[in-house]
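Listed here are the chains, written in short residue letters.
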Amino acid sequence: MRAVQFDNWGPPSVLHLRTDYPKPSCKVGEVLIRIHAACINPADIAIRSGTFFPLLAKKPKVLGCDLAGVVEDAKRSAKFKPGDKVIAMTEGGNCRNTTGSYAEFMAVPADDVALMPPNLSFEEAAGVPLTALTAWQALEKAKLKSGQRILVQAGSGGVGSWIVQLAKIQGLHVTATCSTPSVTFVKQELGADVVIDYTQKSLLGTCKGARFDGVIDCVGGKAESESYACLHRRGTFVEILNPGMSIPTLISHLLRSMVGLGPRYHVVFAAPNGAQLQKVADLLASGRAKAHVDRVFPLSEAAKATEYFESRKGGRGKVVLKVQT
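Computed from a predicted model, the values in this text were never measured in an experiment.

Rules used throughout
Residues numbered from 1 in each chain as written. Predicted model: local features only at pLDDT ≥ 70, side-chain atom pairs only at ≥ 80, totals over all residues. Heavy atoms only, no water. Helix = DSSP H or I, 4+ residues; strand = E, 2+ residues; numbered from the N terminus. Rg over C-alpha atoms; globule rule 2.2 N^0.38 Å. Buried < 20%, exposed > 50% of the residue type's maximum accessible area, 1.4 Å probe, protein only. Contact = heavy atoms within 4.5 Å. Areas by Shrake-Rupley, 256 points an atom, 1.4 Å probe, with all protein chains shown as cover. Salt bridge = Lys/Arg side-chain N within 4 Å of Asp/Glu carboxyl O. Pairing = 2+ DSSP bridges.

Quick look at the overall build of the chain
In step 1: Helix and strand content of the chain: 10 helices and 16 strands.
In step 2: Its C-alpha atoms give the chain a radius of gyration of 20 Å, near enough to 20 Å, the size a compact globule of 325 residues would have.
In step 3: The dimensions of the chain, computed from C-alpha atoms along their principal axes, are 60 × 40 × 40 Å.
In step 4: Considering the chain as a whole, with its 325 residues, one finds that 53% of them fall into the buried category.
In step 5: Within the chain, contacts between residues at least 6 apart in sequence are counted, and of these 71% link residues at least 24 apart.
In step 6: Counting every atom, the chain has about 14,300 Å² of accessible surface; 54% of that belongs to carbon and sulfur.

Written out as structure tokens, the structure is:
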């Protein structure tokens, strides 16, 4: 089968298309999926460049955490049957796993799979699993109630856009940060109550002493420290695992949280969860949430697509690889 892999760490050019990659077999408890579309995520960049636990990483590797496709074999699964259109977050984001969704087929545990929303194309659906599950699991950690105030850093990004949508569905008052080109998108399409253009205003200056019940940060660095300063003493700070995270700051916040000297503090690294993903799919099917796609590239142009993904600034929506032509 066709698959895109890299043999050594490096820039996007190390990605290359194979036409003789072994087709996976399907074990009991798994479903074999013919992949129609996959998606590029920051985790793919970190793994390919060797910045994500390189001592544990295996290569050569096929990248890809997300997929949308059609069930080819279900191996006695009670949940799915051949022909079902499905989506899944895969273990492709695990650097110790050599398989991923930049390929024509992938075997995935049935418990990690959900039925694809019927109103979405494969390309739209492929961008949903990782980002939506990250947002879902982050909001679970935040444990906020309807009417409470949440701050979302990077509200126009893949994860941030889902946090804004899910938070509004939960009845939260949402303040989100983004750059100038994304203000209208975050306010009008995603539904944020307040949007702060971080290129024009500082968070601390804009909030003017206001305190949030929860913060979810996708950025790290300065954004993390400013967000922490805007949080209620008994609020909850959720950090999405990201390259901008400061390990000393993380340890300091965790220790303060553990001894009760600061807000509750959590770090989220999303895990596959078919039940949660099905709830997200149902929200998409009902029109209460929307999937956003920036550009679609053929699988054979994975390197070009990755270069675009890495070079765009303030990009809205997912960069998708179309696998089946």
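That shown, we press on.
Side note on the pattern of salt bridges
In step 1: Counting across every chain of the model gives 9 salt bridges.
In step 2: Among the salt bridges present, the one from Arg18 reaches Asp20, with a minimum N-O distance of 3.0 Å.
In step 3: Taking relative accessible area as the criterion, Arg18 reaches 22% and is therefore assigned partly exposed.
In step 4: The residue Lys23 makes a salt bridge to Glu72 at a minimum N-O spacing of 3.5 Å. Linking Lys23 in the loop between β2 (16–18) and β3 (30–39) with Glu72 in strand β5 (residues 66–73), this pair joins segments that are 49 residues apart in sequence.

Section: the sheet that holds strand β1 (residues 3–6)
In step 1: Taken together, the 3 strands give an open sheet; going across it, the order is β2-β1-β4, and neighbouring strands pair in antiparallel fashion. In this open sheet, the two edge strands, each paired with only one partner strand, are β2 and β4 (61–62).
In step 2: The pairing of β1 with β4 spans 2 bridges and is antiparallel. Its bridge partner lying in β4, Phe6 is registered against Lys61.

Things to note about the side chain of Gln165
In step 1: Along the chain, Gln165 turns up in helix α4 (residues 158–169).
In step 2: For Gln165, the contacting residues outside a window of four places in its chain are Leu190, Ala289, Lys290 and His292.

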